[in-house]
Each structure stands twice: as structure tokens, then as C-alpha cells.
Amino acid sequence: MPHRNREGHRKRSLAVFPGSFDPITNGHLDIIGRSLSVFDQVTIAILVNPEKHPLFTVEERVAIIREAFHGEERVQVDTFSGLLVDYAERLGASVIVRGLRAISDFEFEFQMALMNRRLNPRIETVFMMPAESYSYLSSRLVKEVFQLGGRVRELVPAVVERRLREKYGTAGVVHPPTRERGSGGREVPPSSKSERGIHSRASVRSRRA
Ligand code: ADP
């Protein structure tokens, strides 16, 4: 039964979709689309975390998401810091939406959902699964693939591809294999595990505009 307010009007259901969105990907878009088929409105809430070093500033991420959802009145963008459940309560949202890609997401998400329930039992966490084709997609992988000259066109909205190109400023240039020089002139391997994993495949392909 839909919730009604004192005047008997149906209360619009609002879900909050929190995350870093650095940058937003088609996996996020998939989850937002699914959320809109269940809830009246979705607020994409960008966590402001001074300890993280994002590629895009909070302002850039807000602008990117606004452009990606231009004309979609049921989707809002906002930023928050502090406890998510406090933010959701202030916003008037009774649901937190999170995406579940694989078993690897589950443990962390399960802990967070239970902790959030303990902090505020009035707010429910709902998990949604993306289309299988996005189940491997993450913001981190998109950034790494792009940096190494790989194609990201089907993985992100057009505005993100454009912003990535502006950010890195080297459209069409394939970067040589990432061999950073350590402080002692020693060659050090690429810094992250996934970068090592995609490196050989991504670096042989040229970036198509
Ligand atoms: P966070 O740092 O909170 O994980 P993200 O921007 O990486 O921020 O993710 C925000 C939400 O979107 C999380 O619930 C995450 O599981 C979900 N998500 C990210 N990528 C995908 C994807 N490809 N498919 C489905 N859900 C995703």
C-alpha cells in the first residue's frame, strides 16, 4: 500500500543512491534506471571524503551527472558528508539503493547495510543487480583502461568520455607501458593490482576517438 500523508495524498517515494561516482559509469546508470522503475525519485549523493584523492573534483562530478541526466526530473544530484543515514533522514528518503555486482561486493555491502540499520532502523537498504554486461564495471577500471589507451565508449556516458579526454589531454595517444621511475632511478611496477591485470591487453590497443 502506498504511504499517504495526513491529507491523504500519496507520498512520493525517494531513494538515495550514495557513492563516489568518480566517474559515473553505465553500471551506475543501470542501477539508477532500475531504481526509477521502483521509486518515484532518486537522489544521487556524492560522498565528500577529504581522505580520498579522486580524479574528478566533487564539483566536476556534480556537473557530469547533471549533464548525463539533463531533462530527467526524477533524478537529483547532491553531495553529503558524515553519516549516510543522517543525510537520508534529512533528505526525507527512506531507502538507500546500492548496486551489487558480484559476490566480492557482498560482504562489505552486507556489513554496511546492517550497520546503517542499527544506526537508523527506519531506513532500508535495497540492493539491485546490474545487467550482466556491467557486472565487471567499476569507476576505477574505467580510469585505468582510459589512461592506458583503451576504449571506454560503451562503458560510460558520452560526457564522461569527453571529460576523461579533457582531463588526460592526450586523445589518441597510447601511453607506453607504465614503468614509473622510483626515487632511486629503479624501475617500479604499475602501482595497482588491476592496472597490472589490464596492462598488457590495454596497451597494445590504440584509443579510438
Ligand atoms: P563507493 O565508493 O560507495 O563504492 P561507487 O561510485 O564505486 O562508490 O559505487 C556506488 C554504488 O554503485 C555502489 O553501490 C556500487 O556497488 C555501485 N556500482 C558501482 N559500479 C557498478 C556496476 N558496474 N554495476 C552495478 N552497481 C555498481
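Scroll up a little and you will see the structure.
All residue numbers refer to position in the chain's written sequence, counted from 1. It should be noted that, the model being predicted, local features are given only for residues of pLDDT at least 70 and side-chain atom pairs only at 80 or more, the latter also being counted only at that level, while totals for whole chains, interfaces and linings use all residues. Note that water and hydrogens are dropped before the side-chain values are worked out from all heavy atoms of the structure.

Caption draft 1: Spotlight on the pattern of salt bridges. Any Lys or Arg side-chain nitrogen located within 4 Å of an Asp or Glu carboxyl oxygen qualifies as a salt bridge. For the structure on display, the rule yields twelve salt bridges. Here Asp22 makes a salt bridge to Lys143, at a shortest N to O gap of 3.0 Å. Of this pair, Asp22 sits in the loop between β1 (14–19) and α1 (26–36) while Lys143 is found in helix α5 (residues 139–147), placing the two residues 121 residues apart along the sequence. Note on accessibility: Asp22 and Lys143 belong to one class, buried. In this text, helices come from DSSP runs of H or I with a minimum length of four residues, and strands from runs of E with a minimum of two, each type numbered from the N-terminal end. The cut-offs for exposure are 20% and 50% of the maximum accessible area for each residue type, with area from a 1.4 Å probe on protein chains only; residues under the lower value are buried, those over the upper are exposed, and the others partly exposed.

Caption draft 2: Representation of unusual backbone geometry in the model. Residue Asp22 is joined to Pro23 through a cis peptide bond whose omega torsion reads 0°. Considering the arrangement of structural elements, one finds Pro23 in the loop between β1 and α1.

Caption draft 3: Seen up close, the packing of α5 against helix α6 (residues 158–168). Contact pair α5 / α6: the axes reach a minimum separation of 11 Å and the direction vectors enclose 55°. Considering their axes alone, α5 and α6 lie oblique with respect to each other. In the crossing of α5 with α6, the sense of the turn from one axis to the other is right-handed. Within the contact between the two elements, α5 uses Val142, Lys143, Phe146 and Gln147 and α6 uses Glu161, Leu164, Arg165 and Tyr168. The axes are straight lines fitted to the C-alpha atoms, using for helices just the contacting stretch, and the angles between their N-to-C directions are given from 0 to 180°. Roughly parallel means an angle under 35 degrees; roughly antiparallel, over 145; roughly perpendicular, 65 to 115; everything else is oblique. The crossing is said to be left-handed when, going from far helix to near helix, the turn is anticlockwise and less than a right angle, and right-handed when the turn is clockwise. The contact rule is simple, with two residues in contact once any of their heavy atoms fall within 4.5 Å.

Caption draft 4: Representation of the sheet that holds β1 in the model. Strands qualify as paired when DSSP identifies two bridges or more between them. With parallel pairing, five strands are arranged side by side in an open sheet as β3-β2-β1-β4-β5. The sheet terminates laterally at β3 (75–80) and β5 (124–128), the two strands that pair on one side only. Averaged over neighbouring strand pairs, the angle between their axes works out to 30° when direction is ignored. Looking at chain direction, β1 and strand β2 (residues 41–47) are connected through six bridges and run parallel. Following the sheet pairing, Val16 is matched in β2 by Thr43. Across the sheet, helix α4 (residues 103–119) touches β4 (95–99) and β5, and the angle it forms with β4 is around 170°.

Caption draft 5: Here's a closer look at the environment of Gly99. Here Gly99 lies in strand β4. Each C-alpha atom of the pair Gly99 and Pro130 lies 7.1 Å from the other, and the pair is 31 residues apart in sequence. In contact with Gly99, not counting residues within four places along its chain, are Phe17, Ile31, Asp105, Glu109 and Met128.

Caption draft 6: Main features of the layout of surface pockets. Lining residues are defined by having an atom within 4 Å of a point belonging to a cavity or pocket. Those points lie on a 1 Å grid over the protein atoms alone, cavities being sets where a 1.4 Å probe fits but cannot get out and pockets being open sets with protein on both sides within 12 Å along at least five of seven lines. Grid points are joined across faces, edges and corners, and a volume is the space filled by probe spheres set on the points. Its volume calculated, the largest pocket comes out at about 1,200 Å³. Taken together, 43 residues make up the lining of the largest pocket; nearest its centre are Gly19, Ser20, Phe21, Lys52 and Arg98. Elements with a contribution of two residues or more to the lining of the largest pocket: β1, α1, β4, α4, β5 and α5. For the lining of the largest pocket, the element with the highest residue contribution is α4, accounting for eight residues. Note that Gly is not counted as nonpolar here; it falls among the polar residues with everything else outside the nonpolar set of Ala, Val, Leu, Ile, Met, Phe, Trp, Tyr, Cys and Pro and the charged set of Asp, Glu, Lys and Arg. A breakdown of the residues in the lining of the largest pocket according to their chemical character gives 21 nonpolar, 13 polar and nine charged.

Caption draft 7: Representation of the packing of helix α2 (residues 58–68) against α6 in the model. With their axes 9 Å apart at the nearest point, α2 and α6 run at an angle of 145° to one another. Across from Glu60, Ala63, Ile64, Glu67 and Ala68 in α2, the residues of α6 making contact are Val159, Val160, Arg162, Arg163 and Lys167.

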